[in-house]
Amino acid sequence: MDWKLFADLAEAAGESEPTVEAPDAATVGEALDALLEAYPALATRVLDEDGSLRGHVNLLRNGRDVREAEGLDTPVDDDDELALFPPVSGG
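Computed from a predicted model, the values in this text were never measured in an experiment.

(A) View of a negative patch on the surface. Among the surface-exposed residues, Asp24, Glu30, Asp33, Glu37, Glu70 and Asp73 lie close enough to one another that they form a single negatively charged patch. Relative to the helices and strands, Asp73 is located in the loop between strand S3 (64-65) and strand S4 (81-85). The class of Asp73 is exposed, set by a relative accessible area of 55%.

(B) Inspection of the pairing of S4 at higher detail. Bridge count between strand S1 (residues 2-5) and S4: 4 bridges; the pairing is parallel. Across the sheet, Trp3 pairs through a bridge with Leu82, a residue of S4. Where strand S2 (residues 58-61) meets S4, 4 bridges bridge the pair, whose relative direction is antiparallel. Within S4, the residue paired with Arg61 across the bridge is Leu82.

Calculation criteria
Residues numbered from 1 in each chain as written. Predicted model: local features only at pLDDT ≥ 70, side-chain atom pairs only at ≥ 80, totals over all residues. Heavy atoms only, no water. Patch = residues over 30% accessible without salt bridge, like charges linked within 9 Å, V, L, I, M, F, W, Y side chains within 5 Å. Areas by Shrake-Rupley, 256 points an atom, 1.4 Å probe, with all protein chains shown as cover. Salt bridge = Lys/Arg side-chain N within 4 Å of Asp/Glu carboxyl O. Lys, Arg positive; Asp, Glu negative; His and termini not counted. Charge placed at Lys NZ, Arg CZ, Asp CG, Glu CD. Helix = DSSP H or I, 4+ residues; strand = E, 2+ residues; numbered from the N terminus. Buried < 20%, exposed > 50% of the residue type's maximum accessible area, 1.4 Å probe, protein only. Pairing = 2+ DSSP bridges.

And the structure:
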């Protein structure tokens, strides 16, 4: 599963485009679990205390926010591109 990580999330992982083995991942949530297992430093930045995706973290599947679909239950395929990024501010 190919990921793109941005800003401090890429820094925490030590790379911006990690590839994570997740052959059995059927949902975005399962793919995210595999990413966090491979890069545990991301967990506190991405998930809240309840294990839910933090409200300010954006998770995209093929360029579309998963919150507009089925959230972490959104189906995922091996060739999908997943991206995580924190909020961006500036002017």
